[in-house]
Amino acid sequence: MGEATSRTAAKSTAGESGSNLAFAAIHKVEADGVHVFYREAGEANAPVVLLLHGFPSSSFMFRELIPRLVGEYRVIAPDLPGFGFTEVPAERKYAYSFDQLAKTIDAFTGALNLSRYAIYIFDYGAPTGLRLAMAHPERVTAIISQNGNAYEEGLGDAWAPIRHYWDSPTAENRAVIAKAILNFEGTKWQYTHGVKNPDSVAPESYTLDAALLERPGNKDVQLDLFLDYASNVKLYPKFQEYFRKSTPPLLAIWGKNDPFFIPPGAEAFRKDIPNAKVQFLDTGHFAIETHGAEIAAAMKEFLSANGIGS
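Below, the structure is looked at part by part. (Residues numbered from 1 in each chain as written. Predicted model: local features only at pLDDT ≥ 70, side-chain atom pairs only at ≥ 80, totals over all residues. Heavy atoms only, no water.)

## Quick word on the overall build of the chain
Turning to step 1, where the next piece is worked out: A count of helical and extended segments in the chain gives eleven helices and nine strands.
Turning to step 2, where the next piece is worked out: Against the 2.2 N^0.38 benchmark of 19 Å for 310 residues, the chain shows a C-alpha radius of gyration of 18 Å, consistent with a compact globule.
Turning to step 3, where the next piece is worked out: The dimensions of the chain, computed from C-alpha atoms along their principal axes, are 55 × 45 × 40 Å.
Turning to step 4, where the next piece is worked out: When burial is assessed residue by residue, the chain has 56% of its 310 residues classed as buried.
Turning to step 5, where the next piece is worked out: Summarising the internal contacts of the chain: among those between residues at least 6 apart in sequence, 74% fall at separations of at least 24. (Helix = DSSP H or I, 4+ residues; strand = E, 2+ residues; numbered from the N terminus. Rg over C-alpha atoms; globule rule 2.2 N^0.38 Å. Buried < 20%, exposed > 50% of the residue type's maximum accessible area, 1.4 Å probe, protein only. Contact = heavy atoms within 4.5 Å.)

Written as structure tokens, this is what we have:
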């Protein structure tokens, strides 16, 4: 499926005093006609953890999580098409839908010969990763859902404008969504809402995301994905059927002040996976920005308890 086109090492710090430093290698690989950018760290024979980011972020959001996991795991974090530094050639005529994102990430795992992996699903990473899990249930060793929803009860009131867009996808409503969300202030709000001390959120995070949103054509990509998000809600019963049939070990660790994916969505996993572990953090949507150490510790304890890694 293609060879890595770059192998530049980039330092990721653990973000706290006294932590070990780790190096995440930066690569690109061709998969599904897309040049997928990804970060990777850890020993080649270690259990794999696949990190799937959400809107409007990229693998950059895992910059402090990766070094905390790298001792026990091989950690791989791709940028989804339309995000970060993944490049989609114009001649690919890519259709930006969640079905297509999942197909590309499926091809990406094939390009890297990943036959078994735990998945960390956040925001858009949830419907992408769960499509992958439904297609290949035998490959998924565990699921960590950090504000990654699969239930109607998990959709907060912040979805109201986008639900209206689903019901009436006019040019006027598309423009309203673009003006309200696809700008610097809208991006910053997603990072800081529900955080006790908003100034504690690194400004590089939302500033990078906002800058990448301004690339020519990218806002149309995002508006297409907003519209297609309705397909994810329609798939919720299928996701839930997968949970009941495959009963993957699942940790739902959520920022409880998230206006998009609210706590009942985390609790709902127990309906289909009775042994699911649910943990809430006093923070917002991008819980990893303020509680990265807690999330890493919970992940390692959870994975170890399920026989994945040490």
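## Some points on the pattern of salt bridges
Turning to step 1, where the next piece is worked out: The tally for this structure, following the rule as stated, stands at 15 salt bridges.
Turning to step 2, where the next piece is worked out: With a shortest N-O distance of 3.3 Å, lysine 196 and aspartate 282 are connected by a salt bridge. Remark: aspartate 282 occurs in the loop between β9 (277-281) and α11 (287-305) and lysine 196 occurs in the loop between α6 (184-192) and α7 (203-213); sequence separation between them is 86 residues.
Turning to step 3, where the next piece is worked out: On the basis of relative accessibility, which here comes to 71%, the residue lysine 196 falls in the exposed class. (Salt bridge = Lys/Arg side-chain N within 4 Å of Asp/Glu carboxyl O.)

## Examining the packing of aromatic side chains
In this description, an aromatic ring pair is defined by two values, namely the gap between the centres and the angle between the planes.
Turning to step 1, where the next piece is worked out: Within this structure, the stated rule accounts for 25 aromatic pairs.
Turning to step 2, where the next piece is worked out: Relative to tyrosine 124, the ring of phenylalanine 98 lies with its centre 4.9 Å away and its plane at 85 degrees, an arrangement referred to as edge-to-face. Here tyrosine 124 lies in the loop between β6 (117-121) and α3 (125-135) and phenylalanine 98 lies in helix α2 (residues 98-111), a separation of 26 residues in the sequence.
Turning to step 3, where the next piece is worked out: With relative accessibility at 3%, the residue tyrosine 124 sits in the buried group.
Turning to step 4, where the next piece is worked out: Ring geometry for tyrosine 236 and phenylalanine 239: centres 6.3 Å apart, planes at 45 degrees, overall tilted. Residue tyrosine 236 and its partner phenylalanine 239 are located together in helix α8 (residues 218-246), separated by three residues, close to a single helical turn.
Turning to step 5, where the next piece is worked out: On the accessibility criterion, tyrosine 236 (2% relative accessible area) is buried.
Turning to step 6, where the next piece is worked out: A relative accessible area of 0% means that phenylalanine 239 is categorised as buried.
Turning to step 7, where the next piece is worked out: An aromatic cluster of three or more residues is present, and its members are Phe55, Phe83, Phe98, Tyr124, Trp159, Trp166, Trp189, Phe226, Tyr229, Phe260 and Phe261. (Phe/Tyr/Trp six-rings, centres within 6.5 Å; stacked < 30°, edge-to-face > 60°.)

## Structural notes on the environment of lysine 271
Turning to step 1, where the next piece is worked out: With respect to the helices and strands, lysine 271 occurs in helix α10 (residues 269-272).
Turning to step 2, where the next piece is worked out: Residue classification places lysine 271 among the exposed residues on the basis of a relative accessible area of 54%.
Turning to step 3, where the next piece is worked out: Setting aside residues up to four positions removed in sequence, lysine 271 forms contacts with Tyr151 and Glu153.

## Details of the pairing of strand β8 (residues 250-255)
Residues in a regular strand point their side chains to alternate faces of the sheet.
Turning to step 1, where the next piece is worked out: Burial analysis of β8 places six of its six residues in the buried class, which makes it a mostly covered element.
Turning to step 2, where the next piece is worked out: Side chains of β8 alternate between two faces, with Leu250, Ala252 and Trp254 and Leu251, Ile253 and Gly255 buried alike.
Turning to step 3, where the next piece is worked out: Pairing geometry for strand β7 (residues 140-145) and β8, over three bridges, is parallel. Bridging from a neighbouring strand, isoleucine 144 pairs with leucine 251 of β8.
Turning to step 4, where the next piece is worked out: Alignment of β8 against β9, held across five bridges, turns out to be parallel. Looking at the pairing, alanine 252 lines up with valine 278 of β9. (Pairing = 2+ DSSP bridges.)

## Some points on the nonpolar core
Turning to step 1, where the next piece is worked out: Core analysis: the biggest nonpolar cluster contains 67 residues, and Phe108, Tyr124, Ile143, Phe226, Tyr229, Phe243 and Phe269 have the highest contact counts within it.
Turning to step 2, where the next piece is worked out: Ranked by residues supplied to this core, first place goes to α8 with twelve residues.
Turning to step 3, where the next piece is worked out: Not counting the four nearest positions on each side in its chain, phenylalanine 269 is found in contact with Ser145, Gly148, Ala150, Tyr151, Phe243, Leu250, Ala252, Trp254 and Ala276.
Turning to step 4, where the next piece is worked out: Residues Val75, Tyr206, Leu251 and Ile288 belong to the second largest nonpolar core, which totals 34 residues. (Core = buried A, V, L, I, M, F, W, Y, C linked by side-chain atoms within 4.5 Å.)

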